[in-house]
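# Observations on chain architecture
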Amino acid sequence: MTAVEIRKEGEVALVKIDNPPVNAAGYDVRVGLVNAIQDVTSDDAIKVIALFAAGRTFVAGADIREFGQPPKQPGLPEVCDLLEASAKPIVCVLHGTTLGGGLEIALSCQARVGIKGLKLGLPEVNLGLLPGAGGTQRLPRLVDGKTALTMITSGKPISAEAALDAGLLDDLQDGDPEAVALAAGQQVLDGTLKTRVTAEQDNRITADELNTFRVKAKGEVVTRALKAAEASSLPLVEGLQLERELFVEALASNAHKGLKHAFFAERAVAHIPEAKADARDLESGGVIGGGTMGSGIATAMLLAGMPVTLIEMEEDRVAFARETITKNLDGAVKRGKLTEGQRDAVLGMLTCTTDMAALADADVLIEAVFESMDVKREVFGKLDQVCKPGAVLATNTSYLDVDEIAATTSRPQDVIGLHFFSPAHVMRLLEVVVGKETTPEIVATSFRLAKKLRKIAVRSEVCDGFIGNRILAHYRKSSAYMQLDGAPFEQIDAALEGFGFAMGPFAVSDLAGQDIGWATRKRQAEFRPAEERYVEIADRVCEQGWFGRKSGKGFYSYDGKTRSVNPAVAEYAQAEREAKGIAPRSFTDAEIVDFYMAAMVSEAARVVEEKIALRPIDVDAVFLFGYGFPRHWGGPLQYADITGLDVLVQRIEEYAKEDPYYWQVPALLRELAEAGKSFNDLNKEG
Ligand code: T1G
């Protein structure tokens, strides 16, 4: 099969692109298109060309995997120029998700016909880029400035109907792309479908439209895309030249490297050793525990169309769970994700009861009770008695030993960890924690469940905290160390928010509730090694009952929507410094980020080294989709590659001079740095 095939029907040449899975405009497609245009142009019998694609979508963009490689000619801009200059009219038939370079191909043709269900967009800004094959120059020539600038700067797709209204499509049909293409070709021949050369259209973005977008443009990526769109007022050749220069600049940016990595991270994590195992049916679910997590998990399953039976021990807790789930679904209605009718239908699939026997037919059971091994042992003992053979028995524990839980049943092979992140019906990350007895079928079934729930599943082995919480437990200490050493906590938060985190660690603690962390620290106190630095500031805050937002005060004071620094915290910090003989020093924001990120990278490297995570990119996915890590950095280990592993080794060795216990260079990090390799090299090894 070649990427581009020609079939001639009378005076119509049908040119089909066939490059699964999404017809990305890779090298073979580009060469095939050039050859096809040359072929049909030289055939006098052909009067019109109808371009379309096989499979689920017309071209969904340039081949992102080619970025960063030496460019192979012909480039997509050259192919688009060839299409636009075609001596014979080309009608392009679009279906599926026609995005980026795919839409740019269509813009270069002389007519565009959509197939119902089509979405069209220029998502390049989501990759830290801008349309680089004429999109910023040709789209404004076909549609109004507001539509063009919205598509270029937002990266969001529009519907086929909106595209038809805006003049981006010339017609909207239903049916198979090839049949629609043949009919469109014939309509061009009989004059019922008009064609026009985009470059000759006189539509332009107005100064007012530009200003409206200029004032709200945020960040280098959108500003750069806007600059290219502004050049569409120039002659096409000049505008294309400027677009190209800006695109080359974007390709070299760290933002693009991070965002491209994030795009692939979301998909790479599905490539697990158990991917080919037979996944079991997932028609119905059961949840044990109706607290925040249990209700969130039940909501996620209901939204995926699964009937759910939720178990609580007392009638009042049953009622509370139903109320919580109803509120969650009302939120989905408010966000426009559900209609009220759909909400009622979804609620009709929910059964809340105290009777465990109601779980007998469920395909997957998810336990979300109190984080106590004794309680979980009791629950799994009962599940073992009531659940049908082959049911998936999952625990939502956030750090307890999945193997120990599995051992309380007669079927450890069916037990797995499904660690959801709160709110469970919103956060996309799901850590799938594989026990030593868990069968490949159960792992594959868990990944199928994740897809059904629109979650991003990341495979983890068993350890304290699995991937995300284990790494968090380590690097969170670094922020406390800097606070004790002299950095005001509000500066630490601000520096990390400047780096790209939605919230700094102290604000996150206040949001999550400091009592949980305090209880954990007290439980761990007797096991804490003497060499480990321990910072007591947060304990002083908790001793006042200041647990954060929920108590109106924590590190910050909360008055409705406003928050201010709690002045007592600095006093506790100074008192502890005096007691421990620490002379405070100032930190720059860059020093704060370097210190914090070096701690995160250290533990992330150890998680990969110990094979808790399959690959570095799996750790990146955990932080991108579960911990609000800035997407434009691509994840902690992508950040490490961008920063340079040798730089990180030097930083850790420098920090170790003051605290050799906390700061140890992970063997894997040193090994890669000395070999001049990157974490992405490991990703490529699979
Ligand atoms: N290039 C390479 N591979 C791609 C790809 C692309 N553009 N799009 C998807 N894939 C792979 C993906 O990694 C996965 O691989 C498989 O296809 C199925 O994808 C010059 C510069 C189209 C909406 O940003 O949004 O054009 O993991 O699981 O859920 O101006 O893929 O199976 O090995 O996502 O049905 C602009 C990116 C590029 C679109 C389909 N285009 N893709 O979603 O399937 S830049 C994009 C998507 C550009 C020009 C500029 C989605 C999808 P694997 P999938 P899906």
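Positions within a chain are numbered from 1, following the residues in the order the chain's sequence is written. Only residues with pLDDT of at least 70 are given local features in this predicted model, and only at 80 or more are side-chain atom pairs given and counted; all residues enter the totals for whole chains, interfaces and linings. In computing side-chain properties, one takes all heavy atoms of the structure into account and sets aside hydrogens as well as water.

### Section: the domain arrangement of the chain
- What counts as a domain boundary in this text is fixed by an automatic or database domain assignment. If you check the domain split of the chain, you get domain 1 (4-252), domain 2 (285-465) and domain 3 (469-611 + 614-685).
- Distance from the C-alpha centre of domain 1 to the C-alpha centre of domain 2: 44 Å.

### Let's talk about the sheet that holds strand β7 (residues 119-121)
- In this scheme, strands are said to pair when DSSP sees at least two bridges between them. Under the DSSP-based scheme used, a helix requires at least four consecutive residues in state H or I and a strand at least two consecutive residues in state E, with every element numbered from the N terminus. Ordered by their spatial adjacency, three strands build an open sheet running β5-β7-β8, and the pairing between neighbours is mixed. Among the strands making up the open sheet, the edge pair consists of β5 (97-99) and β8 (158-159).
- Where β7 meets β8, two bridges bridge the pair, whose relative direction is antiparallel. Note on β8: the bridge partner recorded for K119 is S159.

### Description of the packing of helix α24 (residues 589-609) against helix α25 (residues 616-626)
- Inter-axis angles, ranging from 0 to 180 degrees, are taken between N-to-C directions of lines fitted to C-alpha atoms, where helices are fitted over the stretch in contact. Packing of α24 against α25 brings their axes to within 9 Å, and their N-to-C directions diverge by 130 degrees. When the interaxial angle is binned, α24 and α25 end up oblique. Where α24 crosses over α25, the handedness of that crossing is right-handed. The residues of α25 that touch α24, namely those facing M600, A604, V607 and V608, are P616, V619 and F623.
- Each residue gets one label: Ala, Val, Leu, Ile, Met, Phe, Trp, Tyr, Cys and Pro are nonpolar, Asp, Glu, Lys and Arg are charged, and the others, such as Gly, are polar. Each residue belonging to the contact of α24 with α25 can be placed in one class, and the counts come to seven nonpolar, no polar and no charged. Roughly parallel means an angle under 35 degrees; roughly antiparallel, over 145; roughly perpendicular, 65 to 115; everything else is oblique. Two helices that cross are described as forming a left-handed crossing if the nearer one is turned anticlockwise from the farther one by less than a right angle, and a right-handed crossing if clockwise. Residue contacts are defined here by distance: any two heavy atoms, one from each residue, within 4.5 Å place the two residues in contact.

### Things to note about the nonpolar core
- Only buried residues count toward a nonpolar core, which is a set of Ala, Val, Leu, Ile, Met, Phe, Trp, Tyr and Cys residues joined through side-chain atoms within 4.5 Å. Only protein chains enter the accessibility calculation, which uses a 1.4 Å probe. A residue is then buried if its area is under 20% of the maximum for its type, exposed if over 50%, and partly exposed in between. Counting 80 residues, the largest nonpolar core has V619, F629 and F679 as its most contacted members.
- With 13 residues, α24 is the largest single contributor of residues to this core.
- There are two domains that each give this core at least three residues, and those are domain 2 (285-465) and domain 3 (469-611 + 614-685).
- Setting aside chain neighbours within four positions, we find V619 in contact with I467, I471, A604, V607, V608, A613, P636 and L637.
- By size, the runner-up hydrophobic cluster in this structure holds 65 residues, among which are L33, L51, L130 and F213.

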